[in-house]
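# Observations on the model geometry
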Amino acid sequence: MTDTKKTALITGITGQDGGHLAELLHEKGYTIYGIIRGQHNPKREITEAEFPYVTLIEADLMDPSSLVRAVQISQPSEIYNLAAVSHVGYSFKNPQLTAEATGVGVLNLLEAIRLVDTENKIRFYQASTSEMFGGLEYNRPEKGYTEESLFHPRSPYGVAKLYAHWITKNYRESYNMHASCGILFNHEGDRRGVEFVTRKITHAVARIKLGKQNHIELGDLWPKRDWGYAGDYVEGMWRMLQQDKPGDYVLATGETHSIEEFLDLAFKEIGINDWKPYVKQNPAFMRPAEVDLLLGDPTKAEQELGWTRKVDFPGLVKLMVKHDVEIESVGLIS
Ligand code: F7E
């Protein structure tokens, strides 16, 4: 389906989800603008080469007037806020920056929309996260977290995202904005940064296969995550904004797996059955507070949006290892 009348503005265009979403919206015939941050952002060139159909606008979630300008220039029908300080470990080391960019930045963007969009036509997507739940034992529904579950964030990142989630709901209720929150569980893929555990593992596994590296250093291996494929999840974001009414939706697979299970499958892809000799634990990668188990229940998204994930856990590991073996074989830096 194409709809040439639609224009989207994407924050976080240089990130994993920004790339997948740009591709999806381009296929659907959207005019696409992306916000890029910083005076000399090294990701600009790569983004321009990979997504030549995206017009980049220089702005920053922490600079309100730059956001007003971005909304005025792009005149979007839909805004997807995917930008954030998104690494949980980093947020412990940079808590104020995280609060300002990931939390208050969303308020800045909502205010920019309210100021420019006097007819209240823009539809807004906020990237909320499973990190808002915290995974505590007393706060763990049997079939997985839903849109109604209790929040108990366990990191500066989770706390900032919870503010962003509630301020988005508040603007929906106060100003009747078409503002939706996607509560996304972990979503990975070949565009994931190597600072996240899945890509760190598949990248190292590829290098171990090719003799470029002999081990990998990781933090805790017991935490469990509900891991899906990012390409599937951007489809859910788009579907949220096509609804007549805004809302909050969990996107998840409904399965949870430990890092050990991820290691097991990833090493088996290169013919190694016992990964233990290749993995060293390093406390530098452990967090002051850990989220031990995340499991999402995507029933509402399945029923109301007709959304479902397509790639399963073994499929995800396979595609990531395959990609990293390919790029490492030709010496490309990911
Ligand atoms: O950690 C453990 C770590 O950094 C997963 C972000 O997209 O998903 C992501 O957050 C688990 C944690 O993702 C290493 O302690 C062990 O238990 O890949 P991660 P995350 O923290 O779950 C949510 C939904 C978001 O919203 C976030 O933006 O793996 N772990 N060893 C490690 N993690 C990392 N990064 N590096 C390690 O060496």
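Residues numbered from 1 in each chain as written. Predicted model: local features only at pLDDT ≥ 70, side-chain atom pairs only at ≥ 80, totals over all residues. Heavy atoms only, no water.

## Here's the deal with the overall build of the protein chain
Definition in use: A helix here means a DSSP run of H or I that spans at least four residues, while a strand means a run of E at least two residues long, and both kinds are numbered starting from the N terminus. This radius of gyration counts C-alpha atoms alone. The globule rule is 2.2 Å times how many residues there are, raised to the power 0.38. Think of it in three bands: with a 1.4 Å probe and only protein chains considered, a residue is buried below 20% of the maximum accessible area for its type, exposed above 50%, and partly exposed in between. Residue contacts are counted whenever heavy atoms from the two residues lie within 4.5 Å of one another. Method for areas: the Shrake-Rupley scheme with a 1.4 Å probe, in which residue coverage is limited to the protein chains shown. The convention is simple: Lys and Arg are positive, Asp and Glu are negative, and His and the chain ends are not counted. Charge placement uses NZ in Lys and CZ in Arg. For Asp and Glu, CG and CD serve respectively.
What the protein chain contains, in helices and strands, is 11 helices and 13 strands. Taken over the C-alpha trace, the protein chain has a radius of gyration of 20 Å; the compact-globule value for 334 residues is 20 Å, and the two agree within 12%. When each of the 334 residues of the protein chain is scored for burial, the buried share is 54%. Considering only contacts in the protein chain between residues 6 or more positions apart, those separated by 24 or more positions represent 78%. When the accessible surface of the protein chain is summed, it comes to about 15,200 Å², and 50% of that surface belongs to carbon and sulfur atoms. Distance between charge centroids for the protein chain: 1 Å, based on 37 positive and 46 negative side chains.

## Side note on a nonpolar patch on the surface
Stated precisely, the cut-off is as follows: Patch membership requires more than 30% relative accessible area and the absence of a salt bridge. Residues of like charge join within 9 Å; the nonpolar side chains Val, Leu, Ile, Met, Phe, Trp and Tyr join within 5 Å. Within this document, salt bridges are pairs made up of a side-chain nitrogen of Lys or Arg and a carboxyl oxygen of Asp or Glu, the two lying within 4 Å of each other.
A contiguous nonpolar surface patch, about 240 Å² in accessible area, is contributed by Met62, Tyr90 and Leu97. Note that Leu97 resides in helix 5 (residues 95-116).

## Some thoughts on the environment of Ser130
Within the secondary structure, Ser130 sits in the loop between strand 5 (123-129) and helix 6 (156-175). Look at Ser130 and you get buried, because its relative accessible area is 2%. Spatially, the C-alpha atoms of Ser130 and Leu184 are 5.8 Å apart, while their sequence positions differ by 54 residues. Those residues in contact with Ser130 that sit more than four places away from it in its chain are Ile183, Leu184, Phe185, Asn186 and Leu294.

## Observations concerning the packing of helix 5 against helix 6
What counts is decided by this rule: Angles here are taken between N-to-C directions and fall from 0 to 180 degrees, while the axes themselves are lines fitted to C-alpha atoms, restricted in helices to the stretch in contact. For classification purposes, angles smaller than 35 degrees are called roughly parallel, those larger than 145 roughly antiparallel, those between 65 and 115 roughly perpendicular, and all remaining angles oblique. Take the far helix as the reference: if the near one is turned anticlockwise from it by less than a right angle, the crossing is left-handed, and if turned clockwise, right-handed. Gly is placed with the polar residues, together with every amino acid not listed as nonpolar (Ala, Val, Leu, Ile, Met, Phe, Trp, Tyr, Cys and Pro) or charged (Asp, Glu, Lys and Arg).
Look at helix 5 against helix 6: their axes get within 8 Å of each other, and the N-to-C directions meet at 15°. Regarding the angle of helix 5 to helix 6, the classification is roughly parallel. Of the two elements, helix 5 crosses helix 6, and the hand of that crossing is right-handed. Seen from helix 5, the contacting residues are Pro95, Thr98, Ala99, Thr102, Gly103, Val104, Val106, Leu107, Leu110, Glu111 and Arg114; seen from helix 6, they are Pro156, Tyr157, Ala160, Lys161, Tyr163, Ala164, Ile167, Thr168, Tyr171 and Tyr175. The residue inventory of the contact of helix 5 with helix 6, partitioned by class, reads 14 nonpolar, 4 polar and 3 charged.

## A few points about the nonpolar core
Threshold: We call a set of buried residues a nonpolar core when its members are Ala, Val, Leu, Ile, Met, Phe, Trp, Tyr or Cys and they connect through side-chain atoms within 4.5 Å of each other.
Counting residues in each nonpolar core, the largest one holds 29 residues, and the members touching the most others are Ile10, Leu21, Leu25, Tyr80, Leu82 and Tyr125. Contributing elements (two or more residues each) for this core: strand 1 (7-11), helix 1 (16-27), strand 2 (31-36), strand 3 (54-58), strand 5, helix 8 (230-241), strand 11 (248-251) and helix 10 (299-305). Contacts of Leu82, omitting those with residues within four sequence positions, involve Ile10, Thr11, Gly12, Asp17, Gly18, Leu21, Tyr125, Ala127 and Met237. One finds Leu221, Trp227, Ala266 and Leu316 within the second-largest nonpolar core, a separate group that totals 26 residues.

## Focus: the domain arrangement of the protein chain
Quick note on the threshold: Either an automatic procedure or a domain database provided the assignment from which the domain bounds are taken. In this description, buried area is defined as the sum, over both parts, of the accessible area (probe of 1.4 Å) that is lost when the two are combined. Pairing of N or O atoms within 3.5 Å defines a polar contact, subject to two protein rules: one partner must be a possible hydrogen donor and the other a possible acceptor, and residues neighboring in sequence count only if both atoms are side-chain atoms.
According to the domain assignment, the protein chain consists of domain 1 (7-188 + 227-255) and domain 2 (197-223 + 257-294 + 313-329). Each of domain 1 and domain 2 was reduced to a C-alpha centroid, and the two centroids are 27 Å apart. Contact with domain 1, which involves 20 residues of that partner, is made by 18 residues of domain 2. Among the residues domain 1 hides against domain 2, the three largest losses belong to Arg154, Trp227 and Glu255. Together they make up 39% of the total. Our enumeration of links across domain 1 and domain 2 arrives at 1 salt bridge. Where Asp292 meets Arg140, a salt bridge forms, and the shortest distance between an N and an O atom there is 2.5 Å. Our count for the domain 1 to domain 2 interface comes out at 4 residue pairs in polar contact (both at pLDDT 80 or more). Broken down by secondary-structure element, the contributors of at least two residues to the side of domain 1 that touches domain 2 are helix 4 (88-93) and strand 10 (228-229). In terms of residue count, the dominant contributor to the side of domain 1 that touches domain 2 is helix 4 (3 residues). Grouping the amino acids of the side of domain 1 that touches domain 2 by side-chain chemistry returns 7 nonpolar, 7 polar and 6 charged.

## A word on the sheet that holds strand 5
Picture the strands of a sheet paired through backbone hydrogen bonds; they go either parallel or antiparallel. To keep things clear, this is the line we draw: Note on pairing: DSSP must find at least two bridges between two strands before they are called paired.
What the 7 strands build is an open sheet, ordered 3-2-1-4-5-6-11; its pairing is parallel. Looking at the sheet topology across the chains shown, the edges are occupied by strand 3 and strand 11. On average, each strand axis in the sheet is inclined to that of its neighbour by 20°, with strand direction left out of account. As paired elements, strand 6 (residues 178-184) and strand 11 share 4 bridges and run parallel to each other. Bridge assignment links Leu184 to a residue of strand 11, and that residue is Leu251. Together, strand 1, strand 2, strand 3 and strand 4 (78-81) form the strand contacts of helix 1, whose direction differs from that of strand 1 by roughly 175°.

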